Amino acid sequence: MRSTAVRRTALAASAAALALLATACGGSSDDGDKAGDGKAEAGSTTQAAEALTAAELEKAALAQSDVKNGKVTEAAKTDDIAQDQVKPEKAECRPLVFAQTGIAAGDPAATVKRSWTEEPKKPAGDDVSEEALDSAFDLDKVLVTLASYEDGGAEAVLKDVNAAMSACADGFAYTGAGVKTRIDKVAADKAPAGADEAVAMTMTVTGEEGDKFPVKVAVTRKGSTVASFAVINLAAAATGKDFAFPMEIADAQLAKLG
């Protein structure tokens with residue numbers, strides 16, 4: 001079991017990660033950020049599907065009535081950052097940086113973001129033990145990013161994410177919103193069901209004091225829309241232990257996309 005001081009350090013590192021997870025895509029991008037060549041793979045339906053408008057994405061976005069616990073909110077506009085404000089040390093890892101920070105990749109026609117925070121677990125009685133404190137922090141925070149694309153752009157995003165997972169499995173570093181983050185490794189994880197395409201991963205983040213903790217990321221496609229999920233668990237950030245991706249949130253969001 002880690003000492004309280006180390007656990008507090010890890011929580012501070014998780015707060016920085018949460019700040020990045022709460023950011024949304026700004027209005028600028030460059031040609032180098034566009035995913036793939038825009039061509040849909042054989043057997044897909046993205047070419048025939050029109051990109052959803054901003055209004056349609058708003059209607060399809062996760063809402064409070066869609067979840068059984070926790071709170072759904074809109075991402076704060078003041079926390080939005082643009083693609084060019086996130087700088088990966090290795091260009092090939094850019095798709096993973098965008099997915100982990102909730103930035104829509106490529107050139108989306110429209111984007112919408114939601115944040116879900118799990119209901120905190122209350123300690124039993126007057127229990128103030130370290131285990132009870134860990135349990136109280138055992139809650140997930142998810143940033144959901146919806147982005148619609150024209151001309152096979154959604155498929156290209158998934159293609160680039162898959163390629164980046166292979167190229168960046170041994171880790172990478174990036175700077176975003178003035179914070180430098182080091183990802184120690186990227187490992188494939190169980191992807192959500194109910195999508196045309198889906199990929200999931202666990203990124204191991206290294207904090208300033210060398211503490212390591214997991215962050216979960218999933219990128220999915222339904223037709224011409226990409227839904228990405230970036231998840232952090234506060235208890236996992238403090239202890240370094242793994243945690244389960246909240247599939248119920250991905251299931252609820254994907255169901256609303258039809």
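This write-up is about the structure you can find in this document. (Residues numbered from 1 in each chain as written. Predicted model: local features only at pLDDT ≥ 70, side-chain atom pairs only at ≥ 80, totals over all residues. Heavy atoms only, no water.)

Here we come to the pairing of strand β8 (residues 212-222). Burial analysis of β8 places 10 of its 11 residues in the buried class, which makes it a mostly covered element. Counting the residues that bridge the hairpin from strand β7 (residues 197-206) to β8 gives five residues, and of these Gly210 lies at a positive phi of roughly 90°. With eight bridges connecting them, β8 and strand β9 (residues 225-233) associate as antiparallel partners. Paired with Val217 across the bridge in β9 is Ala230. With antiparallel pairing between neighbouring strands as the criterion, β8 and β9 make up a hairpin whose turn holds two residues, including Gly223 at a positive phi of roughly 60°. (Buried < 20%, exposed > 50% of the residue type's maximum accessible area, 1.4 Å probe, protein only. Helix = DSSP H or I, 4+ residues; strand = E, 2+ residues; numbered from the N terminus. Pairing = 2+ DSSP bridges.)

For the rest of this paragraph, the subject is the sheet that holds strand β1 (residues 71-74). Pairing in this open sheet of nine strands is antiparallel, and the strands run β1-β3-β4-β9-β8-β7-β6-β5-β2 from one edge to the other. Lying at the two open borders of the sheet, with one neighbouring strand each, are β1 and β2 (86-88). Each strand axis lies, on average, 25° off the axis of its neighbour in the sheet, ignoring direction. On the sheet, helix α3 (residues 94-101) packs against β2, β4 (140-148), β5 (172-176), β6 (179-189), β7, β8 and β9 and is oriented at approximately 55° with respect to β5. (Axes fitted to C-alpha atoms, helices over the stretch in contact; angles between N-to-C directions. Contact = heavy atoms within 4.5 Å.)

The next point concerns the pattern of salt bridges. What the rule picks out here adds up to nine salt bridges. Ionic pairing is found between Arg221 and Asp196, a salt bridge with its closest N-O pair at 3.6 Å. Placement of Arg221 in strand β8 and of Asp196 in the loop between β6 and β7 is noted, with a sequence separation of 25 residues between them. Overall, Asp196 belongs to the partly exposed group, its relative accessible area being 43%. Residues joined by salt bridges that share partners form a network here, namely Glu155, Asp196, Glu197 and Arg221. (Salt bridge = Lys/Arg side-chain N within 4 Å of Asp/Glu carboxyl O.)

Owing to its 3.6 residues per turn, the α-helix aligns residues three or four sequence positions apart on the same side. For helix α5 (residues 153-167), spanning 15 residues, the distance from its first C-alpha to its last is 21 Å, which sits close to the expected 21 Å at 1.5 Å a residue. Taken together, the buried positions of α5 are Gly153, Ala154, Glu155, Ala156, Val157, Leu158, Asp160, Val161, Ala164 and Met165. On the buried face of α5, the contacting elements are α3, β6, β7, β8 and β9. (Expected span 1.5 Å × (residues − 1).)

Attention now moves to the state of the cysteines. Under the counting rule described, the total for this entry stands at one disulfide. Disulfide partner of Cys93: Cys168, at an S-S distance of 2.0 Å. With the S-S bond torsion at -105°, the cross-link from Cys93 to Cys168 turns out left-handed. You can see Cys93 sitting in the loop between β2 and α3 and its partner Cys168 sitting in the loop between α5 and β5, a full 75 residues away along the chain. Take Cys93: its relative accessible area is 0%, and that puts it in the buried class. (Disulfide = S-S within 2.5 Å.)

Here we come to the environment of Thr111. As for its position among the elements, Thr111 is in strand β3 (residues 110-117). Since its relative accessible area comes to 31%, Thr111 is described here as partly exposed. Those residues in contact with Thr111 that sit more than four places away from it in its chain are Leu57, Ala104, Leu146 and Ala147.

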